[in-house]
Amino acid sequence: MDKMNELIEKYFRAETSLTEENELKHYFLAGKVLPEHEPYRALFEAFDEELHETVDSSSKKKIQFQHYTKRFWIQTISISGIAATLLLAFWFMWSQQNNDFAIMRGKRINNQEYAQQYARAKFEKVNEALAKSIEPMESIKKVREGIKPVQKINETRELMKEIKNKLQY
Amino acid sequence: MKKVTILIAALFMVVAASQAQSLQSLFEKYGNDEHFEYVSVGKGMMNLGGLLGGIAKDDKEMMSKMRSVKILSLEGESNASLMKALETDLDKVLAKGNFETAVEVRDKGERVNVYYRVSDDNNADMLIVSKEKNEFSLIWISGKMSKEEMMKSFSDKGQMVIGLS
């Protein structure tokens, strides 16, 4: 009986092995339990009952329903997410396509190529005007570069004058 | 203090939105008029420009920063009053929208003005106003670029990068 006392103590210290726990269970279920061990009997019987407990049909249905609800929500959220992504992608593609259009005298033309060609033609026209305005400035630049040697002649003359003056003194 | 900051930020956003709206509303107002020609080109044009090749790397980068191009055009001598009305509205938008003049060209009855504005967060708008005897065109380029980048969109030959595509 000392062994049983020791096992019970070990059990409550959570130090028993599975074999020792089985030994304890058999002891309490065998019906020959010592009076000093009677308070623990209910505990070990409860463990055994738990082991053999079966789920009744209503609980099973409840669990199944919970599973179904959970699955339903997961599926709904997933499908909604995919649908939203597709919708967003289509909307993005549609808005990109609809960025290129022309309205000619109140009539909308959804022709990307036409819109781009029109824009290009306008830009070329503006570029022409801008380039024309730069031409005179380019000419001035060329004239400036052209007269650089003439400016050097003047500088040389000034230098010669200075040298002459210095020689006279 | 936090509330005041949020309020100021919200106010800035409203002001910025109203500035953009005024130019947008001008294009929408006249774009739907049957006397006008209105063309809107999105980022696609810039991509197409890149595909065509023959464009310098810097220019491609510049084009990728442009978001959209909108063109509003009015032709014909009979539309003089409409042209005048558009000019008046445009002047208001330019004054209200804090636009600065980048280029002004006058040549034999032809006039080209280029205006720009760049917000603190590099939202840039460039407006090209071209006026001839019988034609009035507005070209609005919007994109995400700094003031320096905006200025760079004009090459040293005076031609705009976007026109090269």
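About the criteria used
Residues numbered from 1 in each chain as written. Chains lettered and ligands numbered in written order. Predicted model: local features only at pLDDT ≥ 70, side-chain atom pairs only at ≥ 80, totals over all residues. Helix = DSSP H or I, 4+ residues; strand = E, 2+ residues; numbered from the N terminus. Buried ≥ 20, exposed ≤ 12 C-beta atoms within 10 Å, placed from the backbone. Contact = placed C-beta atoms within 7 Å. Expected span 1.5 Å × (residues − 1). Core = buried A, V, L, I, M, F, W, Y, C linked by C-beta atoms within 7 Å. Pairing = 2+ DSSP bridges. Axes fitted to C-alpha atoms, helices over the stretch in contact; angles between N-to-C directions. pLDDT = per-residue confidence, 0-100.

### Things to note about the overall build of chain B
Thinking step 1. Tallying secondary structure elements over chain B gives five helices and six strands in all.
Thinking step 2. In chain B, the succession of helices and strands from N to C terminus is α-β-α-α-β-α-β-β-β-β-α.
Thinking step 3. Here chain B, with 165 residues, has 31% of them falling under the buried criterion.
Thinking step 4. Sequence separation of at least 24 residues holds for 56% of the intrachain contacts in chain B that already meet a minimum separation of 6.

### Points about helix α2 (residues 18–29) of chain A
The α-helix winds at 3.6 residues per turn, so residues separated by three or four positions along the chain end up facing the same way.
Thinking step 1. Counted at 1.5 Å a residue, the expected span for α2(A) with its 12 residues is 16 Å, and the 16 Å between its end C-alpha atoms agrees.
Thinking step 2. Directly beyond the C-terminal end of α2(A), a positive phi value near 95 degrees is found at A:Gly31.

### Let's talk about unusual backbone geometry
All names here are of chain B.
Thinking step 1. Positive phi, normally seen in glycine, also occurs at Asn98, with a value near 55 degrees.
Thinking step 2. Residue Asn98 is classed as exposed on the basis of its 12 C-beta neighbours within 10 Å.
Thinking step 3. Positive phi, close to 40 degrees, is recorded for Lys108, a residue that is not glycine.
Thinking step 4. With respect to the helices and strands, Lys108 occurs in the loop between β3 (100–107) and β4 (110–118).

### Some remarks on the nonpolar core
Thinking step 1. By size, the foremost hydrophobic cluster in this structure holds 40 residues, and its most contacted members are A:Ala119, B:Val39, B:Ile71, B:Leu127, B:Ile128 and B:Ile139.
Thinking step 2. Counting only elements with at least two residues in this core, the list comes to α5 (112–168) of chain A together with α1 (2–31), β1 (36–41), β2 (66–75), α4 (80–96), β4, β5 (123–131) and β6 (135–144) of chain B.
Thinking step 3. Look past the residues within four positions of B:Ile128 in its chain and what remains in contact with it is A:Val126, B:Val112, B:Val114 and B:Ile139.

### Quick word on the pairing of β2(B)
All names here are of chain B.
Thinking step 1. As paired strands, β1 and β2 are joined by six bridges and run antiparallel to one another. Directly across from Val41, in β2, lies its bridge partner Val69.
Thinking step 2. Across nine bridges, β2 lies against β6 in antiparallel orientation. Within β6, the position partnered with Ser73 by the bridge is Ser137.

### Observations regarding the sheet that holds β2(B)
Thinking step 1. Pairing is antiparallel across the open sheet formed by eight strands, whose spatial order is β2(A)-β1(A)-β1(B)-β2(B)-β6(B)-β5(B)-β4(B)-β3(B). In this open sheet, the two edge strands, each paired with only one partner strand, are β2 (107–109) of chain A together with β3 of chain B. Each adjacent strand pair in this sheet contributes to an overall mean axis angle of 10 degrees, direction not counted.
Thinking step 2. Pairing geometry for strand β1 (residues 101–104) of chain A and β1(B), over four bridges, is antiparallel. What sits directly across from A:Phe101, in β1(B), is B:Ser40.
Thinking step 3. Docked against the sheet, α4(B) engages β2, β4, β5 and β6 of chain B, running at close to 145 degrees with respect to β2(B).

### Looking at the confidence of the model for chain A
Thinking step 1. Of the residues in chain A, 83% have a pLDDT of 70 or more, and the chain-wide mean is 80.
Thinking step 2. When the elements of chain A are averaged for pLDDT, helix α3 (residues 38–52) of chain A gives the smallest value, 76, and β1(A) the largest, 87.

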